[in-house]
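Examining the three-dimensional arrangement
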Amino acid sequence: MEFKDTDTEAERELKLRVLRIYSKKLDERKRRKDFILERNLLHPNPFEKNLSPDEKEIYQRFKVFMRFHSKEEHEEFLRIIIEEHRIIKRIQDLKEARAVGCQTAAEANKFIQQKRSNEESALRIRESFQAGPSGKVLHKPGHIKEELDGSPLGLVRGSIDLHSSTKDPSLAMQSVANSLDHWDITGLAGADLLSETEKQLCSEIRILPSHYLNMLQIMSVEVLNGKVTKKSDAYNLFKVDPNKVDRVYDMLVKKGIAQA
């Protein structure tokens with residue numbers, strides 16, 4: 001852009017206005033650059049390093065307020081927000097622990113820790129074993145002598161030769177079927193948190209302890225929130241046989257959490 005002696009007053013004013021706009025953009029660009037360098041935003045913030053994934057999400061969401069605070073004010077602001085988040089989460093965890101029957105801090109902490117690992121454990125189990133429609137474990141055919149343990153994991157305990165030259169192969173297959181019909185949850189994730197009655201329930205309705213605890217937790221929260229007042233209200237919470245939901249609901253009634 002060039003200023004000429006032949007420019008009219010209007011043209012000269014227009015060119016000056018363009019220069020002022022451009023100068024303002026340069027000033028804003030410099031301000032942002034200085035802000036980034038001053039706050040050290042080109043490098044990871046040590047404060048963010050030890051945050052959990054959901055806390056990091058909060059940290060990122062509140063970054064927009066950084067421009068309204070000094071560096072110290074913003075860090076203090078984030079500390080307060082994240083501390084509040086942790087307190088609320090802890091209260092929710094303790095409510096869920098109380099809902100499933102925990103009575104001491106040690107029991108609650110154990111339940112919370114187990115709850116966080118249940119989903120990962122269940123996923124590993126599903127990936128490691130292939131289950132048929134009836135819940136029985138399907139193993140790949142082979143010529144290896146195996147004794148199938150009557151458990152959800154289908155563990156090997158001894159030696160039954162499925163391909164042996166027995167006089168009555170149907171008896172051998174019946175033996176395997178009977179073994180599989182016994183749903184043994186001993187040693188599975190979450191089993192140590194269950195009472196003997198609850199273990200028996202898991203065996204009868206053929207669900208993993210981690211799944212049972214998850215159902216118990218969800219139904220307890222919904223009951224406390226007033227969204228589940230009878231068995232049928234809980235059917236749409238889970239993609240399982242309604243009869244299993246009924247049995248878990250009955251357990252909540254025995255615990256005094258739900259009403260019959």
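Scroll up to find the structure this text is about.
Note that the structure is predicted; figures quoted are calculated from it, not measured.

1. With respect to the overall build of the protein
A count of helical and extended segments in the protein gives nine helices and two strands. The order of helices and strands in the protein, counted from the N terminus, is α-α-α-α-α-β-β-α-α-α-α. Burial statistics for the protein: of 260 residues in total, 30% are counted as buried. Long-range contacts, defined as pairs at least 24 residues apart, comprise 46% of the intrachain contacts of the protein with a sequence gap of at least 6. Summed over its atoms, the accessible surface of the protein is roughly 18,200 Å², and 53% of this surface lies on carbon and sulfur atoms.

2. A look at the pattern of salt bridges
Tallied over the entire structure, the rule returns 14 salt bridges. Between K89 and D54 there is a salt bridge, with the nearest N and O atoms lying 3.6 Å from each other. Of the two residues, K89 sits in helix α4 (residues 71–99) while D54 sits in helix α3 (residues 53–61), which places them 35 residues apart along the sequence. Residue classification places K89 among the partly exposed residues on the basis of a relative accessible area of 35%. Through salt bridges with shared partners, a single network forms among E28, R31 and R32.

Rules used throughout
Residues numbered from 1 in each chain as written. Predicted model: local features only at pLDDT ≥ 70, side-chain atom pairs only at ≥ 80, totals over all residues. Heavy atoms only, no water. Helix = DSSP H or I, 4+ residues; strand = E, 2+ residues; numbered from the N terminus. Buried < 20%, exposed > 50% of the residue type's maximum accessible area, 1.4 Å probe, protein only. Contact = heavy atoms within 4.5 Å. Areas by Shrake-Rupley, 256 points an atom, 1.4 Å probe, with all protein chains shown as cover. Salt bridge = Lys/Arg side-chain N within 4 Å of Asp/Glu carboxyl O.

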